[in-house]
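Now for the letters of each chain:
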Amino acid sequence: MSMAKILVVDDEPFNLDIVAEYLDGMDFELVMVESGEAAWAELEQPDSTFDLVLLDRMMPGMDGIQVLTRMKADQRLHSIPVIMQTAATSPEQIREGLAAGAFYYLTKPFEGEALQTIIRSALDDMRTRRELSANLADHAV
């Protein structure tokens with residue numbers, strides 16, 4: 001299986017460094033960006049092939065909810081699992097993130113092992129869905 005490609009979005013460079021450290025040595029290709037606008041620019045490229053997005057919720061400009069909403073409205077991007085990572089921890093904020101389509105809502109600060117486990121789970125879920133879709137398409141033919 002090829003290396004999973006993950007888009008990591010956070011407006012704080014320190015947080016990007018922490019994620020890179022937590023995921024160091026794992027079989028992931030990480031693309032790091034510091035804004036919602038930069039994330040959307042990466043995602044909307046015709047040849048973009050992300051397997052997962054780790055998305056900060058609170059950012060200036062285009063925030064994580066706006067990026068997530070755009071992704072879920074785009075047929076090409078809607079099935080990419082999004083793990084929202086944030087310091088916004090009120091029940092209303094968590095519900096809003098999950099309702100917008102987040103696979104998981106991870107609150108900061110988080111442990112590296114927890115992040116690795118959640119990412120593996122999201123990638124496994126995504127692979128299973130892709131296999132089922134391919135099988136359904138084969139049977140439809």
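Conventions used here
- Residues numbered from 1 in each chain as written.
- Predicted model: local features only at pLDDT ≥ 70, side-chain atom pairs only at ≥ 80, totals over all residues.
- Heavy atoms only, no water.
- Salt bridge = Lys/Arg side-chain N within 4 Å of Asp/Glu carboxyl O.
- Helix = DSSP H or I, 4+ residues; strand = E, 2+ residues; numbered from the N terminus.
- Expected span 1.5 Å × (residues − 1).
- Buried < 20%, exposed > 50% of the residue type's maximum accessible area, 1.4 Å probe, protein only.
- Contact = heavy atoms within 4.5 Å.

K.L.:
I would appreciate a short explanation of the pattern of salt bridges in the present structure.
P.N.:
Should the charged atoms of two oppositely charged side chains come close, the side chains can pair. Counted by the stated rule, this structure contains seven salt bridges. Where Glu 96 meets Arg 57, a salt bridge forms, and the shortest distance between an N and an O atom there is 2.3 Å. Taken together, the positions of Glu 96 in helix α4 (residues 91-99) and Arg 57 in the loop between β3 (52-56) and α3 (64-73) put the pair 39 residues apart, joining distant regions of the chain. Residues participating in the shared-partner salt-bridge network are Asp 10, Asp 56 and Lys 108.

K.L.:
Explanation requested: helix α5 (residues 112-140) in the structure shown.
P.N.:
Because an α-helix packs 3.6 residues into every turn, residues spaced three or four apart end up facing the same way. A rise of 1.5 Å per residue sets the reference length of α5, with its 29 residues, at 42 Å; its end C-alpha atoms lie 42 Å apart and thus fit the reference within 8%. All of the buried residues along α5 are Gly 112, Leu 115, Gln 116, Ile 118, Ile 119, Ala 122, Leu 123 and Met 126. Close packing links the buried residues of α5 with β1 (4-9), α1 (13-23), β2 (28-33), β3, β4 (82-86) and β5 (104-107).

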